[in-house]
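For reference, the chains in residue letters:
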Amino acid sequence: DGVAQGRGLKCKLCTKALKKIQALAGDNPNEEAVAAALQKGCRVLGRVMGKLCQKLVNKYRDQITEGLQNGDMPQDICTAMGICRS
């Protein structure tokens, strides 16, 4: 159905964006490193994806920051935010 398909796409975008952000933030990111990576990470995804990414980041900034600082996997962070199904 359309909802599941939309969710699958969002899940892919979330995972892809977080992988990018995680790589930019480095291995042991502090809050500043994550904040900088959140900004840069969305920009490199292009205009349309970047906009969606920015929305995601604004809405879930704390959860993303915490997840990355805990060393959680992008897929797990997206699942915790309810974007991906476990």
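Residues numbered from 1 in each chain as written. Predicted model: local features only at pLDDT ≥ 70, side-chain atom pairs only at ≥ 80, totals over all residues. Heavy atoms only, no water.

Per an unreviewed UniProt entry, the protein is named SAP protein, and its organism is Rhipidura dahli.

Let us look at the overall build of the protein. The helix and strand inventory of the protein stands at 4 helices and 0 strands. Sequence-ordered secondary structure for the protein, helices as α and strands as β, is α-α-α-α. The proportion of buried residues among the 86 residues of the protein is 35%. The contacts of the protein with a sequence gap of at least 6 include a subset with a gap of at least 24, amounting to 59%. Carbon and sulfur atoms make up 50% of the accessible area of the protein, which amounts to about 5700 Å² in all. Averaging the coordinates of the 14 positive side-chain charges in the protein and doing the same for the 8 negative ones gives two points 14 Å apart. (Helix = DSSP H or I, 4+ residues; strand = E, 2+ residues; numbered from the N terminus. Buried < 20%, exposed > 50% of the residue type's maximum accessible area, 1.4 Å probe, protein only. Contact = heavy atoms within 4.5 Å. Areas by Shrake-Rupley, 256 points an atom, 1.4 Å probe, with all protein chains shown as cover. Lys, Arg positive; Asp, Glu negative; His and termini not counted. Charge placed at Lys NZ, Arg CZ, Asp CG, Glu CD.)

By definition, a disulfide links the sulfur atoms of two cysteines through a covalent bond. Here the structure, examined in full by the defined rule, presents 3 disulfides. Disulfide partner of cysteine 11: cysteine 84, at an S-S distance of 2.0 Å. Residues cysteine 11 and cysteine 84 are joined by a disulfide whose S-S torsion is about 105 degrees; by sign, that bridge is right-handed. Of this pair, cysteine 11 sits in helix 1 (residues 2-25) while cysteine 84 sits in the segment after helix 4 (74-80), placing them 73 residues apart in sequence. Both residues of the pair, cysteine 11 and cysteine 84, count as buried. The residue that forms a disulfide with cysteine 14 is cysteine 78, at a sulfur-sulfur distance of 2.0 Å. With the S-S dihedral at roughly -95 degrees, the linkage between cysteine 14 and cysteine 78 falls on the left-handed side. Residue cysteine 14 is located in helix 1, and its partner cysteine 78 is located in helix 4; the two are separated by 64 residues in the primary sequence. Of note for the protein: the bonded cysteines, numbered N- to C-terminal, pair according to 1-6, 2-5, 3-4. (Disulfide = S-S within 2.5 Å.)

Mean pLDDT over the protein stands at 87; residues scoring 70 or higher make up 92%. At the level of individual helices and strands, the protein shows its lowest average pLDDT in helix 1, which scores 82, and its highest in helix 4, which scores 94. (pLDDT = per-residue confidence, 0-100.)

So, about the packing of helix 2 (residues 31-43) against helix 3 (residues 47-69). Two elements in contact, helix 2 and helix 3, have axes separated by 10 Å at closest approach and are oriented at 155 degrees. Judged by the inter-axis angle, helix 2 sits roughly antiparallel to helix 3. Crossing handedness for the pair helix 2 and helix 3: right-handed. Here Glu31, Val34, Ala35, Leu38 and Cys42 of helix 2 lie close against helix 3, whose contacting residues are Gly50, Cys53, Gln54, Val57, Arg61, Ile64, Thr65, Leu68 and Gln69. Its residues placed into classes, the contact of helix 2 with helix 3 shows 8 nonpolar, 4 polar and 2 charged. (Axes fitted to C-alpha atoms, helices over the stretch in contact; angles between N-to-C directions. Parallel < 35°, antiparallel > 145°, perpendicular 65-115°, else oblique. Left-handed = near helix turned anticlockwise from the far one by under 90°. Nonpolar A, V, L, I, M, F, W, Y, C, P; charged D, E, K, R; others polar.)

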